Amino acid sequence: MRWWDIDPVLRMERELFPEDAWSRGMFWSELAHARGPGATRRYLVAEEDGHVVGYAGLVTSGEQADVQTIAVARDHWGTGLGARLLTELLRAATDFECTEVLLECRVDNTRAQRLYERFGFEPIGFRRGYYQPGNVDALVMRLTDPSTSVPGTERGTENHG
């Protein structure tokens, strides 16, 4: 994701998450930490015919990563795009040498929960009223050793690709 992707990402963000959409400033702040030798973030977009149809972001701190966001345009649900975005985030976590990945997911978003479970994420708790202003709880999920969930990134192997 680059600065010129922020406007289309914001449109999609407001459509998919109207109550708790991120602001322009939040995306700018995240991207400010995604470049250079001290980078702690990885943000990406998926495009089709020059249009953003998905995006995702990850933040790292030491050996821990946190999936900040994954979004797929409604007309691309069920195409595997969410899985491809998550795969890239887990690849980035492995590149950052993270040994665990955490995420929060709305308790009412069973579609996303199934995706995360397919990748080996396990529920570890709840954050009550996490999503505001709707006061919706978040399910906290964890994946230990993200390298085992991404083909070709197992620790100690070479990735030629």
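Residues numbered from 1 in each chain as written. Predicted model: local features only at pLDDT ≥ 70, side-chain atom pairs only at ≥ 80, totals over all residues. Heavy atoms only, no water.

As annotated in an unreviewed UniProt entry, the protein chain is Ribosomal protein S18-alanine N-acetyltransferase from Streptomyces rubrogriseus.

Draft legend 1. Representation of the environment of A21 within the structure. You can see A21 is positioned in the loop between α1 (6–16) and α2 (24–32). Exposure remark for A21: the relative accessible area of 29% places this residue in the partly exposed category. Sequence spacing of A21 and L10 is eleven residues, and the spatial spacing of their C-alpha atoms is 8.1 Å. For A21, the contacting residues outside a window of four places in its chain are E13 and R14. (Helix = DSSP H or I, 4+ residues; strand = E, 2+ residues; numbered from the N terminus. Buried < 20%, exposed > 50% of the residue type's maximum accessible area, 1.4 Å probe, protein only. Contact = heavy atoms within 4.5 Å.)

Draft legend 2. Quick look at the sheet that holds strand β2 (residues 51–61). Sheet architecture is open: six strands sit in the order β1-β2-β3-β4-β6-β5, paired in mixed fashion. If you trace the sheet from one side to the other, it starts and ends with β1 (41–48) and β5 (122–131), each paired once. The mean inter-strand angle of the sheet, taken between neighbouring strand axes irrespective of direction, is 25 degrees. Bridging between β1 and β2 involves eight bridges; their strand directions are antiparallel. Within β2, the residue paired with Y43 across the bridge is G57. Across the sheet, helix α3 (residues 81–95) is in contact with β1, β2, β3 (64–72), β4 (100–106) and β6 (136–144); its angle to β3 comes to roughly 160 degrees. (Pairing = 2+ DSSP bridges. Axes fitted to C-alpha atoms, helices over the stretch in contact; angles between N-to-C directions.)

Draft legend 3. View of the packing of α3 against helix α4 (residues 110–118). Where α3 meets α4, the closest approach of the two axes is 11 Å, and the angle between their N-to-C directions is 50 degrees. In this view, α3 runs oblique relative to α4, as classed from their interaxial angle. Crossing geometry of α3 relative to α4 is assigned as right-handed. For the pair α3 and α4, the contacting residues are G82, A83 and L86 in the first and L115, Y116 and R118 in the second. Considering only residue class, the contact of α3 with α4 consists of four nonpolar, one polar and one charged. (Parallel < 35°, antiparallel > 145°, perpendicular 65-115°, else oblique. Left-handed = near helix turned anticlockwise from the far one by under 90°. Nonpolar A, V, L, I, M, F, W, Y, C, P; charged D, E, K, R; others polar.)

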